[in-house]
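Examination of the molecular architecture
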Amino acid sequence: RSHTMIAPQADCIEHLIAPHDTATGLAVKYNIPISALRKLNPSSTVDNLQFARQFLDVTHIKIPRTQLTELVALTTAKNTQTEIDLHVEGLIRRLAQKLFIEEDWARALLEENGWDPDWCACSYAEGLKCARTSTSEPRLQLMYKVLMLGPMEHRDWVPNEAREHCVGCHTKFMFWSNGRHHCRCCGEVFCQECSSNYDKLPFVGPNKSMSLQRVCNECHRIDWPYMKRRFYTDQGLLDTPPGRPTASKPAAMTEEQFRALLAATSTGLDKSKASLAQELEEAPSAAPQAPELPPPELPPPAYRAPPEYHQAKMPPHSPAEMQL
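Residues numbered from 1 in each chain as written. Predicted model: local features only at pLDDT ≥ 70, side-chain atom pairs only at ≥ 80, totals over all residues. Heavy atoms only, no water.

Of all the five residues making up strand β2 (residues 60-64), four are buried; the element is thus mostly covered by neighbouring parts of the structure. Direction of pairing for strand β1 (residues 12-16) relative to β2: antiparallel, over a ladder of five bridges. Across the sheet, residue Glu14 finds its bridge partner in β2, namely Lys62. (Buried < 20%, exposed > 50% of the residue type's maximum accessible area, 1.4 Å probe, protein only. Helix = DSSP H or I, 4+ residues; strand = E, 2+ residues; numbered from the N terminus. Pairing = 2+ DSSP bridges.)

Ala23, Leu26, Ala27 and Tyr30 are the residues of helix α1 (residues 23-30) that are buried. Burial along α1 is one-sided: seen end-on, the buried residues are contained in an arc of 100 degrees. Away from its buried face by more than 90 degrees, α1 exposes Thr24, Val28 and Lys29. (Arc of directions from axis to C-beta.)

Moving on, we get to the nonpolar core. Counting residues in each nonpolar core, the largest one holds 25 residues, and the members touching the most others are Met143, Cys183, Cys185, Cys186, Phe190, Cys219 and Trp224. Taken together, the elements giving at least two residues each to this core come down to α8 (138-149), β4 (189-190) and α10 (224-239). At five residues, α8 tops the list of elements feeding residues into this core. Setting aside anything within four residues of it in sequence, one finds Cys183 in contact with Trp157, Glu188, Phe190, Arg214, Val215, Cys216 and Cys219. (Core = buried A, V, L, I, M, F, W, Y, C linked by side-chain atoms within 4.5 Å. Contact = heavy atoms within 4.5 Å.)

Further remarks concern unusual backbone geometry. Despite not being glycine, Asp57 has its phi angle at roughly 60 degrees, a positive value. Structurally, Asp57 can be placed in the loop between α4 (49-55) and β2. Non-glycine residue Phe100 carries a positive phi angle of around 55 degrees. Here Phe100 lies in the loop between α5 (65-99) and α6 (103-112).

A surface patch of nonpolar side chains, about 320 Å² in accessible area, is lined by Phe51, Phe55 and Leu56. Its location among the elements puts Phe55 in helix α4. By relative accessible area, which is 57% here, Phe55 ends up exposed. (Patch = residues over 30% accessible without salt bridge, like charges linked within 9 Å, V, L, I, M, F, W, Y side chains within 5 Å. Areas by Shrake-Rupley, 256 points an atom, 1.4 Å probe, with all protein chains shown as cover. Salt bridge = Lys/Arg side-chain N within 4 Å of Asp/Glu carboxyl O.)

Now for the side chain of His182. One can find His182 in strand β3 (residues 181-182). Polar contacts involving the side chain of His182 include one to the side chain of Asn160, which spans 3.5 Å. Apart from residues lying up to four places away in sequence, His182 is in contact with Trp157, Val158, Pro159, Asn160, Gly187, Glu188, Val189 and Arg214. (Polar contact = N/O pair within 3.5 Å; in protein donor to acceptor, adjacent residues only side chain to side chain.)

With that settled, the discussion passes to the pattern of salt bridges. Scanning the entire structure with this criterion turns up 10 salt bridges. Two residues, Glu153 and Arg155, come together in a salt bridge whose shortest N-O distance is 2.5 Å. For Arg155, a relative accessible area of 67% puts it in the exposed group. Salt-bridge contacts for Arg221 lead to Glu218; the nearest nitrogen and oxygen are separated by 2.8 Å. Residue classification places Glu218 among the partly exposed residues on the basis of a relative accessible area of 43%. Each of the salt bridges in this network shares a partner with another, and the network as a whole consists of Asp85, Asp104, Arg107, Glu255 and Arg259.

The following block contains the structure:
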């Protein structure tokens, strides 16, 4: 086969051929096509690396540097995107766990408050306070009362004579059918079909019990373990509300805008990865040389007479001076 022209040495690096290296393995390792190897190396070497290593004394194979630069840039971009995903998902998950809310709700709070968790907690507490003071729905008031004081006591149940119809289905009570039954949670009067459920009520108050209690359909639909944790989490925020952040409230920002902002300012997350591609472009293909060290600092030279002193001719001594 005809040999192709070898590219300049600055555009490639030399890979030491190992005993088990193949052209396909090197192409996968460096994420380059085999045709790129054929442009820099003889075809006989690329076709059988081990034969060239053992019998043709070929020790190295050239790898195109431009392909490596693209690979490093792609890897750096993927790592940066992964870090952004982890950061955004961490903010959403931590806020959802702190406030005991759904992640979609936490994402909406973060978008409204510029992705500042402190402002999110403050905004949620203020909205919760307004909702607690303005709510007038009887079922919510009853649920809050049950969670704080426990199930309704027997003396507070609605008397049988006060209800002629079932509160749930509005069926009229008859003395021979549709007997009256009290819900142990809300204390209202229901028929058999509307009060045939049994649940464990919150274990607070004087009527707390570990046994199943007869409840109506409405009280049966309430997820009491969840609502108990929901209530006490909100009550803790109302009792000790988070302080208002000293910094000004940031502007609203969607998740896409926040991700774009993180991508624009993510160069400081891992500077070494970003500069690796530039190092590959600037580094020589030959073996790395030891860095040049600065010359050692020498001690100050000893005193030397000026050159005029050595060049001056001394006058001959007189006989009198010689005798001295």
